[in-house]
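Listed below, chain by chain, are the residues.
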Amino acid sequence: MNMNFNFFMNDVVATARSEAKEAGFEELTTPEEVEAAFAKEGTTLVLVNSVCGCAGGIARPAASYALHKSDEKPDHAVTVFAGQDKEATEKARSYFTGYPPSSPSFALLKDGKLLTMVERHEIEGSEPIEVVQKLQEAFKQYC
């Protein structure tokens, strides 16, 4: 059996992008889009998306649930795609001072300033509901 790896990966990436958008995240693909989104007043949840299993099985479902089922919510929800939109992701990560690059991950900002992060090591190996609870705690504290 001969499988075209690029065709397979394009499908995986398209699914990951679609899941984030369907959850209510605005996709940012350029550094300029990141700057404009992070300049908005209010709280912004950033999903650093990826194609790994913990992104698809934990992070994106947890983000969707938290955004739709929480009483307190961020004003904005945006996503950058690690490994795909490299410049946009690098620009977003430049705001996450004190944290190493991590994907998937979540950052919560207010008026462009980092408030808190949920890093990959807090996502990988967790149950989705545990990540939902971390996000909801951050929303309660900052939103």
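Right above here is the structure, for reference.
Residues numbered from 1 in each chain as written. Predicted model: local features only at pLDDT ≥ 70, side-chain atom pairs only at ≥ 80, totals over all residues. Heavy atoms only, no water.

*Asks:* How should I be thinking about helix α6 (residues 128–142) in this particular structure?
*Replies:* Taking 1.5 Å of rise per residue, the 15 residues of α6 would be expected to cover 21 Å, and the 21 Å separating its terminal C-alpha atoms lies within 8% of that figure. By the burial criterion, the buried members of α6 are Val131, Val132, Leu135, Ala138 and Phe139. The buried side chains of α6 occupy one side of the element, clustering within an arc of 125° when seen end-on. Along α6, exposed side chains directed more than 90 degrees from the buried face belong to Glu137, Lys140 and Gln141. As for α6, its buried residues are in contact with β2 (43–49), α3 (53–69), β4 (105–110), β5 (113–118) and α5 (120–123). (Helix = DSSP H or I, 4+ residues; strand = E, 2+ residues; numbered from the N terminus. Expected span 1.5 Å × (residues − 1). Buried < 20%, exposed > 50% of the residue type's maximum accessible area, 1.4 Å probe, protein only. Arc of directions from axis to C-beta. Contact = heavy atoms within 4.5 Å.)

*Asks:* How should I be thinking about the pattern of salt bridges in this particular structure?
*Replies:* Think of it this way: side chains of opposite charge can pair up when their charged atoms draw near. Counted according to the given criterion, the structure contains seven salt bridges. For Glu27, the salt bridge is made with Lys21, and the minimal N-O distance between the two is 3.6 Å. Judged by its relative accessible area of 46%, Lys21 falls in the partly exposed class. A salt bridge links Lys40 to Glu26; its shortest N-O distance comes to 3.9 Å. Here Lys40 is found in the loop between α2 (31–38) and β2, whereas its partner Glu26 is found in strand β1 (residues 26–27), with 14 residues between them in sequence. The class for Lys40 is partly exposed, based on a relative accessible area of 36%. The class for Glu26 is partly exposed, based on a relative accessible area of 40%. Each of Arg17, Lys21, Glu27 and Asp85 takes part in one network of salt bridges that share partners. (Salt bridge = Lys/Arg side-chain N within 4 Å of Asp/Glu carboxyl O.)

*Asks:* Before we go on, may I ask you to explain the packing of α3 against α6 in this structure?
*Replies:* Two measures define how a pair of helices packs: the angle their axes make with one another and the distance between the axes. It is the contact of α3 with α6, at a shortest axis distance of 8 Å, that shows an interaxial angle of 45°. Taken together, the axes of α3 and α6 lie oblique to each other. In terms of crossing hand, the pair formed by α3 and α6 is right-handed. Across from Gly57, Ile58, Ala62, Ala63, Tyr65, Ala66, Leu67 and Lys69 in α3, the residues of α6 making contact are Pro128, Val131, Val132, Leu135, Gln136 and Phe139. (Axes fitted to C-alpha atoms, helices over the stretch in contact; angles between N-to-C directions. Parallel < 35°, antiparallel > 145°, perpendicular 65-115°, else oblique. Left-handed = near helix turned anticlockwise from the far one by under 90°.)

*Asks:* Would you take a moment to explain the environment of Ala82 for this structure?
*Replies:* Examined against the element boundaries, Ala82 turns out to sit in the loop between β3 (76–81) and α4 (86–93). Take Ala82: its relative accessible area is 13%, and that puts it in the buried class. Separated by 31 residues in sequence, Ala82 and Val51 place their C-alpha atoms 8.5 Å apart. Excluding residues that lie within four positions of it along the chain, Ala82 makes contacts with Val48, Asn49, Thr89, Arg93 and Ser103.

*Asks:* Whenever I open this one, the state of the cysteines confuses me. Can you help?
*Replies:* Covalent bonding between the sulfur atoms of two cysteines defines a disulfide. In total, this model carries zero disulfides according to the counting rule given. This cysteine, Cys52, is not joined by any disulfide, and Cys54 carries the nearest cysteine sulfur, 3.3 Å off. For Cys52, a relative accessible area of 21% puts it in the partly exposed group. Residue Cys54 is classed as buried on the basis of its relative accessible area of 8%. (Disulfide = S-S within 2.5 Å.)

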